Amino acid sequence: MSYGLLKGKRGIISGALDSNSIAWKVAQRAKEEGAIITLTNAPLAMRMGEINKLAEECEAKIIPADATSVEDLEKLYEGSMDALGGKIDFVLHSIGMSTNIRKNRPYGDLNYEWFMKSLDVSALSFHKMLQVADKMDAISDNGSVVALSYIAAQRSFPDYTDMAQAKAMLESIARSYGYHYGKKNGTRVNTVSQSPTKTTAGTGISGFNAFYEYANEMSALGNATADECADYVITLFSDLTKKVTMQNLFHDGGFSAVGISEEIVARMS
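Residues numbered from 1 in each chain as written. Predicted model: local features only at pLDDT ≥ 70, side-chain atom pairs only at ≥ 80, totals over all residues. Heavy atoms only, no water.

The protein goes by Enoyl-[acyl-carrier-protein] reductase [NADH] in an unreviewed UniProt entry, where it is assigned to Arcicella gelida. In its Sequence similarities (unreviewed entry) section, the UniProt entry covering the protein states "Belongs to the short-chain dehydrogenases/reductases (SDR) family. FabI subfamily." Recorded under Pathway (unreviewed entry), the UniProt text for the protein is reproduced unchanged: "Lipid metabolism; fatty acid biosynthesis." (UniProt positions renumbered as here; feature names shortened; annotations may be inferred.)

### A few points about the overall build of the protein
For the protein, the helix and strand inventory stands at ten helices and seven strands. On C-alpha atoms alone, the protein measures out to a radius of gyration of 18 Å, which is about the 18 Å that the 2.2 N^0.38 rule sets for 269 residues. Overall size of the protein, expressed as C-alpha extent along the three principal axes, is 60 × 40 × 40 Å. Counting across all 269 residues of the protein, residues that qualify as buried make up 53%. In the protein, once contacts between residues fewer than 6 apart in sequence are set aside, the share between residues at least 24 apart is 76%. Carbon and sulfur atoms make up 52% of the accessible area of the protein, which totals about 12,600 Å². (Helix = DSSP H or I, 4+ residues; strand = E, 2+ residues; numbered from the N terminus. Rg over C-alpha atoms; globule rule 2.2 N^0.38 Å. Buried < 20%, exposed > 50% of the residue type's maximum accessible area, 1.4 Å probe, protein only. Contact = heavy atoms within 4.5 Å. Areas by Shrake-Rupley, 256 points an atom, 1.4 Å probe, with all protein chains shown as cover.)

### Notes on the packing of helix H6 (residues 112-136) against helix H7 (residues 161-185)
Interhelical geometry of H6 versus H7 gives an angle of 10 degrees and a closest axis separation of 9 Å. Taken together, the axes of H6 and H7 lie roughly parallel to each other. (Axes fitted to C-alpha atoms, helices over the stretch in contact; angles between N-to-C directions. Parallel < 35°, antiparallel > 145°, perpendicular 65-115°, else oblique.)

### Thoughts on the sheet that holds strand E6 (residues 188-194)
Here we have seven strands laid out as an open sheet, ordered E3-E2-E1-E4-E5-E6-E7, and parallel in their pairing. Every other strand in the sheet has two partners, leaving strand E3 (61-62) and strand E7 (248-251) as the edge strands with one partner each. Contacts between H6 and the sheet are confined to strand E1 (10-14), strand E4 (88-93), strand E5 (139-149) and E6, with E4 contributing the most and set at about 170 degrees to the helix. Of the strands in this sheet, E1, E4, E5, E6 and E7 touch helix H9 (residues 226-237), which is tilted by about 165 degrees from E6. (Pairing = 2+ DSSP bridges.)

### With respect to the environment of glutamate 50
Counting through the fold element by element, glutamate 50 comes out in the loop between helix H2 (43-48) and helix H3 (51-58). Sequence spacing of glutamate 50 and isoleucine 22 is 28 residues, and the spatial spacing of their C-alpha atoms is 14 Å. Once you skip the residues sitting within four places of it in the chain, glutamate 50 turns out to touch Leu17, Asp18, Ser19 and Trp24.

### A few points about the pairing of E4
For E4, a buried count of six out of six residues is recorded, marking the element as mostly surrounded by other parts of the structure. Pairing geometry for E1 and E4, over three bridges, is parallel. Each residue of the ladder has a partner; that of glycine 11, found in E4, is phenylalanine 90.

### Regarding the packing of aromatic side chains
Under the definition given, this model contains six aromatic pairs. Summarising the aromatic geometry, the rings of tyrosine 150 and tyrosine 160 are spaced 5.1 Å apart at their centres and angled 50 degrees between planes, so their arrangement reads as tilted. One end of the pair, tyrosine 150, is in the loop between E5 and H7; the other, tyrosine 160, is in the loop between E5 and H7, with ten residues separating them in the sequence. Both residues of the pair, tyrosine 150 and tyrosine 160, count as buried. When the ring of tyrosine 214 is compared with that of phenylalanine 255, the centres are 6.0 Å apart and the planes differ by 85 degrees; the resulting orientation is edge-to-face. With a gap of 41 residues between them, tyrosine 214 in helix H8 (residues 208-218) and phenylalanine 255 in the loop between E7 and helix H10 (262-268) connect regions that are remote in the sequence. (Phe/Tyr/Trp six-rings, centres within 6.5 Å; stacked < 30°, edge-to-face > 60°.)

Structure follows, in structure tokens:
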């Protein structure tokens, strides 16, 4: 059901790979709620995914960009403002990558060059995305920027390795830049800490099924789906959340607030 929450708004959605992606669902919901959008991803990810299909469905222009490149981001904002006819009202940062995880390097034996790449792609790219927009005056007054995070920024998950540090940095950037951007023109900057979600990236993490099932049994409402996350992100893009900023918002069915669930007690008894 559409409520017209984003009618007349312009947005940039990054990170849509395939129909399992949260970013894919956000793009669909943004279109349904009346927004016009551009889509972006790194050229390599675009070759691996199905972004052309999403672009056709959402009537969206695709602007390839490596989010670690300031030059690419400048072209992304310039191209988006040109294609959409004005400043940007909302941006989704849905970008993350760890070569250490892909290559199954344990936390006590990380490759540090890969670690730095994880931080650059998964966290510093968020700062670059904000700073470039700031310098270009590309985001409208009272705009909204959201990045996707995970509770491993606060808690230890053995197989999440260096991505835990990347997410912690991501959330810190949201707080720091959220203050700066809020003071400047009312733009809100938040992160959404989502349940384990069966995306292409998520299922590539060793032990993901255990992450998923444990969180589902611990959560009062069960795990939040990608579609439900998209619904939540849309509210953060809308004018209904004009005073929500600098927050890490848990969208996890209550997992982050539960010490132990009845189901886990029963299993361990």
